[in-house]
Amino acid sequence: MAKSFWPGAVVLTLLAVLALFPSLFTGTDPDAADLNATLQPPSGAHWLGTDQNGRDLYARIVHGAGPSLLIGAGAVGLALVAGVLVGVAAAQLGRTVDQVLSRSLDVILSVPGLLLVFLVVAVLGPGGGPASVGLAVVSLPGFARVARAEVIRLRGAHYVEAAHGFGWSRAQVVLRHILPNALGPVMVLATVTLGAMIVAGSSLSFVGLGPQPPTAEWGAMLADSQEFLAVAWWPAAFPGAAITVAVLAVTVVGGHLQRRIERGRT
Amino acid sequence: MAGVLKAPAAEAVAAGPPRRRTGPARLVLVRVAASAAVLWGAVTATFCLLQVMPGGTADVLLARSAVTPEVRDRIIAEYRLDDPLAAQYLAYLGRIARGEFGDSYVLRRPVWDAIGSQLPHTLLLVLATLLVTLVASVLLAVVSAHRRRWVRSSFSAAESLVVALPPFWLGLLLLTVFSFNLHWFPAIGSSSLSGLVLPTAALAAGPVAVMTGVLRDGLLRALEEPFVVTARSRGIGELALRLRHVLRHALLPATTLLGWIAGSLIGGAVIIEIVFSRQGIGRMVLFAVENKDMPVVIAIVLLTAAVFVLVNIAVDILVWMIDPRTREAGS
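None of the values given here were measured: they were computed from a predicted structure.

**Student:** Any chance you could explain the UniProt feature "domain: ABC transmembrane type-1" (unreviewed entry) in chain A here in plain terms?
**Tutor:** Those residues carrying the UniProt feature "domain: ABC transmembrane type-1" (unreviewed entry) are residues 65-254 of chain A in this numbering. In residues 65-254 of chain A, helix accounts for 83% and strand for 0%; the two terminal C-alpha atoms are 20 Å from one another.

**Student:** Looking at this structure, I do not really get the interface of chain A and chain B. What am I missing?
**Tutor:** One frequently used descriptor of interface size is the decrease in accessible area upon assembly of the parts. Each partner contributes to the interface: chain A provides 36 residues, whereas chain B provides 40 residues. When chain A packs against chain B, close to 3,200 Å² is buried across both sides, 82% of that on carbon and sulfur atoms. Ranking the residues of chain A by area buried against chain B places Leu115, Leu119 and Leu229 of chain A at the top, with a combined share of 17%. Scanning the region where chain A abuts chain B turns up zero salt bridges. Our count for the contact surface shared by chain A and chain B stands at five residue pairs in polar contact (both at pLDDT 80 or more).

**Student:** Would you take a moment to explain the domain arrangement of chain B for this structure?
**Tutor:** Considered domain by domain, chain B is made up of domain 1 (2-106) and domain 2 (115-290). Distance between the C-alpha centres of domain 1 of chain B and domain 2 of chain B: 33 Å.

**Student:** Is there a simple way to explain the side chain of Gln52 of chain A in this structure?
**Tutor:** With respect to the helices and strands, Gln52 of chain A occurs in the loop between helix H1 (5-20) and helix H2 (57-92). Sequence-distant contacts of Gln52 of chain A, defined by excluding residues within four places in its chain, comprise Thr38, Leu39, Asp224 and Phe228 of chain A.

**Student:** Can you walk me through the packing of helix H2 (residues 24-52) of chain B against helix H13 (residues 294-322) of chain B in this structure?
**Tutor:** Any two packed helices are characterised by the angle at which their axes cross and by the distance between the axes. Residues and elements named next belong to chain B. Two numbers describe how H2 lies on H13: the axes approach to 10 Å, and their chain directions differ by 165 degrees. When the axis of H2 is compared with that of H13, the two are roughly antiparallel. For the element pair H2 and H13, the recorded crossing hand is right-handed. In contact with Pro24, Leu27, Val28, Arg31, Val32, Ser35, Leu39, Ala42, Val43, Thr46, Leu49 and Leu50 of H2, H13 contributes Met294, Ile298, Leu302, Ala305, Ala306, Val309, Asn312, Ile313, Asp316, Ile317 and Trp320. Per-class residue counts for the contact of H2 with H13 are 18 nonpolar, three polar and two charged.

**Student:** Where do I start with the nonpolar core in this structure?
**Tutor:** Soluble globular proteins tend to pack their nonpolar side chains together in the buried interior. By size, the foremost hydrophobic cluster in this structure holds 148 residues, and its most contacted members are Phe118, Phe206 and Trp218 of chain A together with Met294 of chain B. When we break this core down by domain, the ones giving at least three residues each are domain 1 (2-106) and domain 2 (115-290) of chain B. With residues up to four places along the chain from it excluded, the contact list for Met294 of chain B reads Leu119, Ala122 and Val123 of chain A together with Leu49, Leu50, Met53 and Val60 of chain B.

**Student:** How do you make sense of a nonpolar patch on the surface when you look at a structure like this?
**Tutor:** Taken together, the side chains of Val17, Leu20, Phe21 and Leu24 of chain A define a hydrophobic patch exposed on the protein surface, amounting to about 420 Å² of accessible area. Accessibility expressed as a relative area gives 30% for Val17 of chain A, which makes it partly exposed.

**Student:** When you look at the UniProt feature "transmembrane region" (unreviewed entry) in chain B in this model, what are you seeing that I'm missing?
**Tutor:** Mapped onto the present numbering, the UniProt feature "transmembrane region" (unreviewed entry) falls on residues 28-52, 122-143, 163-184, 196-215, 251-276 and 296-322 of chain B. In this annotation, residues 196-215 of chain B is assigned 100% helix and 0% strand; the end-to-end C-alpha distance for the span is 26 Å.

What counts and how
- Residues numbered from 1 in each chain as written.
- Chains lettered and ligands numbered in written order.
- Predicted model: local features only at pLDDT ≥ 70, side-chain atom pairs only at ≥ 80, totals over all residues.
- Heavy atoms only, no water.
- UniProt positions renumbered as here; feature names shortened; annotations may be inferred.
- Helix = DSSP H or I, 4+ residues; strand = E, 2+ residues; numbered from the N terminus.
- Contact = heavy atoms within 4.5 Å.
- Buried area = accessible area lost by both parts, 1.4 Å probe.
- Salt bridge = Lys/Arg side-chain N within 4 Å of Asp/Glu carboxyl O.
- Polar contact = N/O pair within 3.5 Å; in protein donor to acceptor, adjacent residues only side chain to side chain.
- Domains from an automatic or database assignment.
- Axes fitted to C-alpha atoms, helices over the stretch in contact; angles between N-to-C directions.
- Parallel < 35°, antiparallel > 145°, perpendicular 65-115°, else oblique.
- Left-handed = near helix turned anticlockwise from the far one by under 90°.
- Nonpolar A, V, L, I, M, F, W, Y, C, P; charged D, E, K, R; others polar.
- Core = buried A, V, L, I, M, F, W, Y, C linked by side-chain atoms within 4.5 Å.
- Buried < 20%, exposed > 50% of the residue type's maximum accessible area, 1.4 Å probe, protein only.
- Patch = residues over 30% accessible without salt bridge, like charges linked within 9 Å, V, L, I, M, F, W, Y side chains within 5 Å.
- Areas by Shrake-Rupley, 256 points an atom, 1.4 Å probe, with all protein chains shown as cover.

What follows is the structure in structure tokens.
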């Protein structure tokens, strides 16, 4: 399994560069329509073919990497920060706060994930940002639970007791000693969650609740391809393959990190 | 899950031997009470949401549809919107408890009517997918729990790949190949049995892959147990050994996973229904989200939460039935 870590890490790095600097990889405008060249199959001029408006699919996939990956990455980032805050609060602020927060997390978990996202998007309106917020709400309980458990576990550690003995305040101990050590499992959860969030984010774009047209986004590109499935396979094939490769890379790297942490524990 | 199950047993021990009630009735009671509290929390959350949304609650419920002043007054009376917040909240709780989700002013029909006509299609898809997931993953796990390493690792590589496939993309690929090129299955929203095949396949692929992995790990662990040697020494066939003795041990983690899968299927079905232009709550909930039709969105969210909670209670009971150890924990 360790063999697949490096390819995964390389693909992940490549995707990050692609998302940040798409112009390095293509000089073609992703939104330039050419109505004389609609639904062209892959060729020398258009490596991955063109879509129903004659836009170059390769350019759109390259420029789509940022918006597509940002929904999932944004969701994980938001959930991580909010989840750790909630988890630390639940662990540190006494029984009542713990009970209230933990039961609230149960309420979030009682609604099937995607439907909770629909509720959030219904309130905020469609778009990449609202989709991220919705997905963050859904994945927040996981981060909060891990953070809470880690804080409680570390509270008994000798160095934490020593820090208390030196007269450090509770907030200082949490910030300087507990949090840095609790972050490992939280980061593993973040990588493991990221794959599912990328799929969920592209699903939301696919049904029209993500970034709005003409933004190039992999899920939205797949939605466009739907009407032309009978005549053109390439607009449906390549954006989906891009999502799959991204998720696979994230999963491989996340799985590797998880096994390393688990081995360290036992 | 196991923790939840063991809690009542531990209490029984603390109370002394005469009160050893760890039966299913008590288990169900504890779980139902906890679930009811969670659902009450969910209803309360939707009430707060309606309050904080911009515009008056009546406008939110109307979703900017044009209605006569009489209809508007009726909403205000029904939801008691002119009363203090506490009275509004009680009225809201009462309505939801009685199953009154109000009217959709976008669809211009009662919410229940709209959902009732679409829900059976979605349930059919979800149940078919669950059935396929159970049968396929048990078969694949029994076949792939092999002593040869390459058999196991090629199965688990295939599983990783399938899990990474977005279900809606798999649906598009299946449509391209089997409907548009081979013409084996109907392409556009058909309620016939053959129209169910491709959506079920697209929705089941991920769960089958996850479940097969979990079942195989369980099988391999159970195959190391001493009772396997005993069974083999009695001359039992390899397949019979796996199906009759080992599978039961592997089923436990898989059953707890089933609850989670059922929850994700409800959301997944919405997306798959769009891919295959099927009837069901998918198109309805999306239309409602796009139009901010809150009565419909809230009703569907609360209903699916209720279904999800019921499924999880059922899963706990299943675990109790499969594993005698969870029953004897207190004795």
